[in-house]
Structures are given as structure tokens and as C-alpha cells.
Amino acid sequence: FRPTIHLIMLIWKHSRHYNTSGRLVILIREICNELIEQARHYVDARSIFALDASDAVERILTTIRVCGLFKSAYFDYKTRVAAECPSNPWRIQNTALFPQLDAFLERLHDLLDLCRTVVQFGRLELIEVGGNKGRTLSASVYQVHADFTKALDAFRLAPYDTLDLEAKRFDDEFYAFRVSIKELERRLGSVLNQGFEDCATIFDAFKLIESFEELLEREFIQADLERKHIELIRAYGQDLREVSEAFSRQKAVSAEGRYLERDGPPLYTNMPPCSGALYWVRGLTDRIEQPMAKLKQTMRTMLATDDGQGVQRQHAAVLNLLLEFQLAQYAQWEAGIDSVTYEKLKQPLLIRDKGSLLTVNFDPALVCLLREVNYLVRLGMSIPKAADELFRLSETFRIQIGNLQMITGRYNTMQSTMLKVEEPLMQAMLLQIDKVLEQGLRHLTWRSHAINDFIREAMVLVKEAGDTLSTLKVNMTAAEDILRGWSEFPLLRRKLSKTYSPGEFQEEHEAQLKIRYADMADGGRELHKLLMASNRELRISKGAPMWRAYVEYVNDVVIDGLSRAVATSLRSLCEQVDPSEVSRAELPPLLELQLELAAPDIAFSPDLGYAGGPNSVANRVQGWIKSFFHPCKLVRRLDRPEGDFLKEVEEQEDVRFYTHRIRQHIATSEQECERFVQPFLVHRELWTHDISIAIANFLARGNKQAAAAMAAAAAAAAAAAVRCSWWGWRRK
């Protein structure tokens, strides 16, 4: 506007006819009218309520500022004209120049108040009050917002332009609106009073204030809450006293009588002493600082009262105590930094315990120092030079410690899991590793520059040795799995609900053996492959004593596996022929035999004893036992090209035990069968003579003795249906 007013001044100074007051009034009024017209286009009263209330406030403030700049420019040049044209100054009353502009500015201020009220009351839609009365108070807030929206609709739906100075209805309706707003403010004040009464802590009260923050600027609500503000200040004073008491009580000893009791202030989980204490103090500081900031922001006038002044002095005293403690803790920590960094960094990288196991020798004091610096940096504290230099290396230390832990971990695993028979095989590698590790045990410290080279060299050697030992272990585990699979199921298997004829069972048994023998032969070949793979991994001569000792060890493992397989089958057969086990498990007989009464002899089919030929029961059982030992011949020995494992397996104690028990049960069952035959021998005449002739003689003589004999024969015939322990028979 200054160029325009400057031009008017030039006209006033040099024109002979246009430098009168009347001309100036008309010119200024025309400019004001044009300014008002441009402002009405910019603000656009018809669409102002369709905009966001905050945007409307910005537009109105911009318009007021622009109009104020025009008036300010006029008054500046009025003073200048009085100095440059003392004979003809601008002696015109302001009311004559700006009546329309002043009225327009007044209307803008009314609209500004309206829009600000919309912004403030618009927040009510999003406010939700907590606490025991939260639901009721929230409902009251929502109702206030609904009533405000209803009152605002009078302007939103107005049939006139609110910026039209000729529209006098605006003044009446705006007055009615302000009256209704005061009523709503009174209701909101009541809600806030109830909300304050429901607040359990001072932080809840400040949260409530924060929720209604913009509305608290309204004069009517502020006056209504003045008493609550005094109570809030007093509650804050009580909170300051509680903080002071907690600090005095816990700064030396904390958590007394509980699991976390310690000398010094309470610490957060896993925090180091100094920074933990500082975090604790910062927590107390935040507890008193945050409410004070809110008080200064929302209750500036209340802090000027006696209660407010007392609270501020109390706040300063408690804050000073906390700051002094914080500085003392920091100074105490700072005093011990040099000794830690100088002494602990001179220690060797590794240490060895009495059991030859290695440990990374990064002192816990250094770890604590690094953790302290980490947290202190987050707190924004200044860090001493020595600690800062150490902290700059923290990532390097972390990587080096991680790599050293991998080295020591794998080395310790080898030392703790390596068998005595494996030690000679790994001896050359271990000696080379120990030679390299000696540098870390004696010469290298955490200040050395060759740490990374040492780590790389040791890592390669330990990895190579670890992989070699791991291959041996994996191959040995695979061999043990093969051997374990052989003993998982016995070679002799039957259907538990079925009784077999000897020929039928023999046929089924041989079919099963064929499959199992093939599987075990394949497993034997795989054992040789695994042993050769271990030899290739070790790159050692097969004739070396240490390798031959290892082969003997594996050979013993195979013998043990074969023994378990044979013992499993023998144990299963023993259970099948043990009368007590058969009775306990309620198993049906395994085999069915026939008792043939062919005068003048009695015979079992097949025969029972070893003298009865290859198909006798005893010889069949002996054949089954022999079949259990056959896998010992299928698997080639590992320690020499020829030979098998039969002799070693036969000498195993459990194998000999089960073999002996089976033969005992066979002999016992054979004796039971012989006793079963005795009644038939005693009454031989009953089955060797013609029964029709015997009956005729009986009827003729009426011989009582013959009748008794007939009864005995009938009893013997009934007993013939009974089966003997693990095999059954029937009379023919």
C-alpha cells in the first residue's frame, strides 16, 4: 500500500486543485471500498463454513492483517505529510476516512471469534473422558458438541452474506450465539470439575487439561476452574514431597527386604550402575518437570499466587537435589575410567582353565564401561575422552569377541567330545592349533594390532579340525544307526494269534530271513564305506598305528551291534518257548505237533529230540538259533580282509545266556511231552486191542476192573486235547 499512499502524498504536495480534504476523503474511502470488496472475495462468507475451521481462521487473520497494513501506511504518511507540508497537513478525522473499513474489521473480528469457537468446540467430538465417571462425562461432552452444532447452523444456513455490512440480522444472531456459547461453556466447566474430582493422580488431571486445552483459554471456563487449579497446584506440591522422600529413601539402598535389594538406587533390568542410576534420577526429574511445564503453560496466573510461588520453590529445591546426585554419580564413574581402560586392555585375548578349555578374556569391567557409555550417549551426557575412544572401538570389539567365541566354542567342543581313540588321529591338527592359540594366550592383548590376523589364522585351523572331527562323528553316528536298525526287530517273527505247523512256520521264517539278510549285507558294505570316508577325511595311512587302533574301536562297535541284534532275536525266541511267559502273555502255541498211536508204538510227528532227524523240534529250534548268528558271517571284518564276527558274538554273555535258556526250555517241554505219553503206555491194551472185542468181553463178564479201565481210558483221551506249553499236539 505504500506506493499508493506515496502517490497520494505527491498529488497532495504538487497538485493545485486536488489537495483538499474533501478530495482526500473521497479517494481514501474509495480505496477502502475496493479493499473491502477484495477482502470479501478472498474470505467468501458464503463458503467460509464449508471450509475447515482452521483454514477459515487463517484467511480471516490474513484479511485483518492486510487491512491493518493499509491503515498503518496511511498513518505513517500522515506524519510525513505534516513534516513536509506544514502549511497543509492531513487534518481529517479518522472516523471520516475509515467508517466502512472499521465496521468491516469489526465484522471480521466477530467472524474470527466465531471460527475460533468452531475450532475449539470441534475438538469435543474426539474427546473421551476416562475414569470411573468417564462414560457419563463423555456423554455430556458429546451432548455439548451436538448443541453447539445446532447453534452454529443459524450461521451456516443464513440467507444473507455475513460480510455484508447492511445485513443487520448478523448482529442479533451473533449476540444470541454468544449467549448460547456461554451456556455451553458453563456446562463444560461442570464436566471439567467432575472430571478433576474423578482423577486419581496429578498426571490424570493434566491429561484431562490437555484434552480440553484450547477450550481452557475461554474466559468463562477459566474462571469456573480457578478453584480446581488451586487444588491441582497443591496436589503437585504433594507429589513433589513424595518424589523428595522416595529419592532420599532409595538413593543409598533400594528394594529393601526384596529379591532386588541392592546398595544404591533401583536399576532397570540389565542396566549398568551409573547410567541406571542416572535413568532413575531422570525418571524422577521427568515426574516433576512434566507437570511443571503443564502448569506454566496452562496456569500462568495461578503460579503467581502464594501456593504457586511455594510450589515453584519446592520444585527448584527437589530439582537441585536430583541434579546434584546426578553430577555426583557421573563424577564417581568418570574417576575410574582411566584405570579400567589402561589395565583391562592389557590382558591377553584368551585364558585356559585347568581342564584345557579356552575362554575369551574380555574383562566384565570393560563390558560394563561400554554399556555405560552406550546409555550415557542416549541420555545426551558428555563422554570422557578415554571412554569415548573405547566406545568408538565397541563395534570392532564386538566382532572380535564374536569371532573369538566361535573359535573357543568349537575348540572346547572338540576337546570335550573327542574320544581317546580319536585323540591320536587329531593330534597333529590340535598341536598346530595350540601353537597358533599360544599367541592369544600369551602375547596378544586387546591393544594389539594383529588381532584380526590371529583370528583369521586360528579360525581356519579350528574350522578344518572341527570339520574333520565332525565328519568322524557323523560317520560313526551313521554306523551306529545301521547297527541299531539291525536290533530293532528280531529275525524270528510270527503272528501272535496263530499256531503254525512246523513246515508252515519254517517256510515263513526263511522268507523273512532272506529279506533281512539282504538288508544286513547292504548295511555291512555301508559300514566299510563310512570307515573309508573317515580315512579319506583324515588323510592318514591305513597302516598307521593310530588308524589301526581306531579301526579296532569301530570293529568293537560292530561286534556290539551284531551282539545286540543276535541277542534281540534270541530273547524273542526265548519268550516264545518260555512256558511262564507264554502263560503270562496268553499266547497261543507256536507249533502244533501230532501224537500218533500206531500199535505197538507211540510217536510224535515231528519228533521231539535231536535224534529225531533234521525236522525234529529240537533241531528246528537249533536251526533258528543258527540263523540268528548268520549275519555275523555276512558282515566282513573291518580290521582284516578275511574272517567274520561269529566267534566274538558267540562269546558275548547275553548271547550265551539266552542260548542256554532256550535249550533249557526245549528240554523242559520235551519232558512234559514224555509225561503226557505215560497214561497211554499204562493203558496200552485199550488202544492196542480191538475195542469191539473188549466191549463184548466186558458185557459177558461184567468185570468191574474192566469198567474201571474203560473209565481211565476215557480220562486219558480227554487229556489228549490239552496242549503242552509252547507247542500243541493232537492224537492220531
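This structure is a prediction, so every number in the text was calculated from the model and none was measured.

Rules used in this analysis
- Residues numbered from 1 in each chain as written.
- Predicted model: local features only at pLDDT ≥ 70, side-chain atom pairs only at ≥ 80, totals over all residues.
- Heavy atoms only, no water.
- Helix = DSSP H or I, 4+ residues; strand = E, 2+ residues; numbered from the N terminus.
- Buried < 20%, exposed > 50% of the residue type's maximum accessible area, 1.4 Å probe, protein only.
- Areas by Shrake-Rupley, 256 points an atom, 1.4 Å probe, with all protein chains shown as cover.
- Expected span 1.5 Å × (residues − 1).
- Contact = heavy atoms within 4.5 Å.
- Axes fitted to C-alpha atoms, helices over the stretch in contact; angles between N-to-C directions.
- Parallel < 35°, antiparallel > 145°, perpendicular 65-115°, else oblique.
- Left-handed = near helix turned anticlockwise from the far one by under 90°.
- Nonpolar A, V, L, I, M, F, W, Y, C, P; charged D, E, K, R; others polar.
- Phe/Tyr/Trp six-rings, centres within 6.5 Å; stacked < 30°, edge-to-face > 60°.
- Lys NZ or Arg CZ within 6 Å of the ring centre and 35° of its normal.
- 1 Å grid on protein atoms, 1.4 Å probe; cavity = no way out; pocket = protein on both sides within 12 Å on 5 of 7 lines; lining within 4 Å.
- Points joined across faces, edges and corners; volume = space filled by probe spheres on them.
- Core = buried A, V, L, I, M, F, W, Y, C linked by side-chain atoms within 4.5 Å.
- Salt bridge = Lys/Arg side-chain N within 4 Å of Asp/Glu carboxyl O.
- Polar contact = N/O pair within 3.5 Å; in protein donor to acceptor, adjacent residues only side chain to side chain.
- pLDDT = per-residue confidence, 0-100.
- Disulfide = S-S within 2.5 Å.

As for the overall build of the chain
No. 1: In terms of regular secondary structure, the chain is built from 28 helices and 7 strands.
No. 2: For the chain, the proportion of its 732 residues judged to be buried stands at 42%.
No. 3: Working note: accessible area of the chain is about 40100 Å², and carbon and sulfur atoms make up 52% of it.

Here we look at helix H2 (residues 21-43)
No. 1: Taking 1.5 Å of rise per residue, 23 residues should cover 33 Å, and H2 covers 32 Å from first to last C-alpha, within 8% of that figure.
No. 2: Buried within H2 are the following residues: Leu24, Val25, Ile28, Ile31, Cys32, Leu35, Ile36, Ala39 and Val43.
No. 3: At its buried positions, H2 is contacted by helix H1 (2-14), helix H3 (53-84), helix H4 (94-97) and helix H5 (99-122).

Quick look at the packing of H3 against H5
For any two helices packed against each other, one specifies the inter-axial angle together with the distance between the axes.
No. 1: Running from N to C, H3 and H5 point in directions that differ by 155°, and their axes come no closer than 9 Å. Relative to H5, the element H3 is oriented roughly antiparallel. Crossing of H3 over H5 shows left-handed handedness. Judged by residue contacts, Ala53, Ser54, Ala56, Val57, Ile60, Leu61, Thr63, Ile64, Cys67, Phe70 and Lys71 of H3 engage Leu101, Asp102, Phe104, Leu105, Leu108, His109, Leu111, Leu112, Cys115, Arg116, Val118 and Val119 from H5.
No. 2: Counted by class, the contact of H3 with H5 contains 17 nonpolar, 3 polar and 3 charged residues.

Digging into the packing of aromatic side chains
Each pair of aromatic rings is reported with the distance of its centres and the angle of its planes.
No. 1: This model, assessed by the stated rule, comprises 20 aromatic pairs.
No. 2: Geometrically, the ring pair formed by Phe247 and Phe325 is edge-to-face, given 5.3 Å between the ring centres and 85° between the ring planes. With Phe247 in helix H10 (residues 226-250) and Phe325 in helix H12 (residues 306-335), the pair connects residues that are 78 residues apart, well separated along the chain. The pair Phe247 / Phe325 is uniform in exposure class, with both members buried.
No. 3: Site record: aromatic cluster; members linked through ring pairs are Trp12, Phe70, Tyr74, Phe75, Trp90 and Phe98.
No. 4: The cationic tip of Arg59 hangs over the ring face of Tyr42; the distance from NZ or CZ to the ring centre is 5.4 Å.
No. 5: Above the plane of the ring of Phe98 lies Lys71, whose end atom (NZ or CZ) is 5.4 Å from the centre.

Remarks on empty space enclosed by the protein
No. 1: One pass over the full model with this rule turns up 5 cavities of 30 Å³ or more.
No. 2: Put simply, the largest cavity is a space of about 70 Å³.
No. 3: Lining the largest cavity, in full, are Leu472, Asn475, Met476, Ala479, Leu527, Leu530, Leu531, Ser534, Tyr550 and Val554.
No. 4: Contributing elements (two or more residues each) for the lining of the largest cavity: helix H18 (451-486), helix H19 (502-538) and helix H20 (545-577).
No. 5: Class assignment for the residues of the lining of the largest cavity results in 8 nonpolar, 2 polar and no charged.
No. 6: Of the voids in this model, the second largest cavity is the one considered here, and its volume is about 60 Å³.
No. 7: Along its surface, the second largest cavity is lined by Ile8, Ile11, Trp12, Tyr18, Arg23, Leu24 and Leu27.
No. 8: If you list the elements that add at least two residues to the lining of the second largest cavity, you get H1 and H2.

Some points on the nonpolar core
No. 1: Grouped together as the largest cluster of nonpolar side chains are 109 residues, with contacts concentrated most on Trp446 and Phe454.
No. 2: Here this core gets 15 residues from one element, more than from any other, and that element is H20.
No. 3: With 84 residues, the next largest nonpolar core counts Tyr77, Phe148, Val243 and Phe247 among its residues.

Some words on the pattern of salt bridges
No. 1: Here the structure, examined in full by the defined rule, presents 26 salt bridges.
No. 2: A salt bridge links Arg637 to Glu648; the shortest N-O distance between them is 2.8 Å. On the criterion of sequence distance, the pair formed by Arg637 in the loop between helix H23 (631-634) and helix H24 (646-650) and Glu648 in helix H24 is long-range, its members being 11 residues apart.
No. 3: What you see here is one network of salt bridges that share partners, running through Arg637, Asp639, Arg640 and Glu648.

A closer look at the side chain of Gln400
No. 1: Note that Gln400 resides in helix H16 (residues 394-417).
No. 2: Gln400 sits in the buried class, given a relative accessible area of 7%.
No. 3: Looking at Gln400, its side chain comes within polar contact range of the side chain of Asn452, at 3.3 Å.
No. 4: If near-sequence neighbours (up to four positions away) are discounted, Gln400 is found in contact with Trp446, Ile451, Asn452 and Ile455.

A look at unusual backbone geometry
No. 1: The phi torsion at Arg539 lies on the positive side, around 55°, for a residue other than glycine.
No. 2: Structurally, Arg539 is set in the loop between H19 and H20.

Remarks on the packing of H2 against H3
No. 1: Two elements in contact, H2 and H3, have axes whose closest approach is 10 Å; the angle formed by their N-to-C orientations is 165°. One finds that H2 runs roughly antiparallel with respect to H3. Note that H2 runs across H3; the crossing there is right-handed. Contacts from Ile28, Ile31, Cys32, Leu35, Ala39, Tyr42 and Val43 in H2 reach Arg59, Ile60, Thr62, Thr63, Val66, Cys67, Phe70 and Tyr74 in H3.

Focus on the environment of Tyr279
No. 1: Mapped onto the secondary structure, Tyr279 falls in helix H11 (residues 273-298).
No. 2: In the structure, Tyr279 is positioned 13 residues away from Pro266 in sequence and 9.7 Å away in space, judged by C-alpha atoms.
No. 3: Setting aside residues no more than four positions away along its own chain, Tyr279 makes contact with Tyr268, Met271, Tyr375, Arg378 and Leu379.

Structural notes on the confidence of the model for the chain
No. 1: Looking at the chain, the pLDDT average stands at 82 and 88% of residues meet or exceed 70.
No. 2: Averaged over each element, pLDDT in the chain is lowest for strand E7 (residues 727-731) (44) and highest for H18 (94).
No. 3: This stretch, residues 728-732, has a pLDDT under 50; its non-local contacts, to residues over four places away or in other chains, come to 27 contacts.

Brief notes about the state of the cysteines
No. 1: Enumeration according to the criterion identifies 0 disulfides in this entry.
No. 2: For the unlinked cysteine Cys32, the closest cysteine sulfur is that of Cys67, found at 8.4 Å.
No. 3: Given the relative accessible area of 1%, Cys32 is considered buried.

Considering the environment of Leu24
No. 1: Looking at where Leu24 falls in the secondary structure, it is placed in helix H2.
No. 2: On a C-alpha basis, the gap between Leu24 and Ile92 in space is 8.8 Å, while along the polypeptide they are 68 residues apart.
No. 3: Setting aside anything within four residues of it in sequence, one finds Leu24 in contact with Ile8, Trp12, Trp90, Ile92 and Leu97.

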